[in-house]
Amino acid sequence: MTATTVELKEHLSDYLSRVQYGGERITITRNGKPVAALISLEDPELLRAIEDRIDLAEARKALAEAENEGTVSWGQVNADEDVEQGERGA
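What counts and what doesn't
Residues numbered from 1 in each chain as written. Predicted model: local features only at pLDDT ≥ 70, side-chain atom pairs only at ≥ 80, totals over all residues. Heavy atoms only, no water. Core = buried A, V, L, I, M, F, W, Y, C linked by side-chain atoms within 4.5 Å. Buried < 20%, exposed > 50% of the residue type's maximum accessible area, 1.4 Å probe, protein only. Helix = DSSP H or I, 4+ residues; strand = E, 2+ residues; numbered from the N terminus. Contact = heavy atoms within 4.5 Å. Patch = residues over 30% accessible without salt bridge, like charges linked within 9 Å, V, L, I, M, F, W, Y side chains within 5 Å. Areas by Shrake-Rupley, 256 points an atom, 1.4 Å probe, with all protein chains shown as cover. Salt bridge = Lys/Arg side-chain N within 4 Å of Asp/Glu carboxyl O. Lys, Arg positive; Asp, Glu negative; His and termini not counted. Charge placed at Lys NZ, Arg CZ, Asp CG, Glu CD. Pairing = 2+ DSSP bridges. Axes fitted to C-alpha atoms, helices over the stretch in contact; angles between N-to-C directions.

> Can you tell me about the nonpolar core, naming the residues and giving the values?
A3, L8, Y15, V19, I26, I28 and L38 form the largest nonpolar core, which has seven residues in total. Put simply, the parts of the chain that give this core at least two residues each are helix 1 (5-22) and strand 2 (26-30). At three residues, helix 1 tops the list of elements feeding residues into this core. Leaving out residues up to four positions away in the same chain, L8 has contacts with Y15, I28 and L38.

Written out as structure tokens, the structure is:
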């Protein structure tokens, strides 16, 4: 559903009930453009759960890649950087 800011002011209580009990999502528009949304608290919780699953999958992929390809110690990274800086300064 879409509502203007004027409609929101006039019907806020009704819209909140529709979101809370009916699970509706209401897009609020100003000058014909979407500017906000009324959503139930379950929506961001679901979004966080989805993002957590994606993050976990990416972390597992990175760990598997590190196991397959190996890793470089932080000390080696610093040593390589020192060598590169010495070559540029020479």
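From this point, the discussion proceeds with the structure in view.
> Before we move on, can you summarise a negative patch on the surface with the specific residues and values?
Together, E51, D52, D55 and E58 line one region of the surface with negative charge. Note on placement: E51 falls in helix 2 (residues 42-69). Given the relative accessible area of 39%, E51 is considered partly exposed.

> How would you explain the sheet that holds strand 2 if you had to name every residue and give the values?
The mixed open sheet is built from three strands, whose spatial order is 1-2-3. At either margin of the open sheet sits one strand with a lone partner, and together these are strand 1 (2-4) and strand 3 (33-38). Within the sheet, the average angular offset between the axes of one strand and its neighbour, ignoring direction, is 35°. In terms of strand pairing, strand 1 meets strand 2 through three bridges, oriented parallel. Directly across from A3, in strand 2, lies its bridge partner I28.

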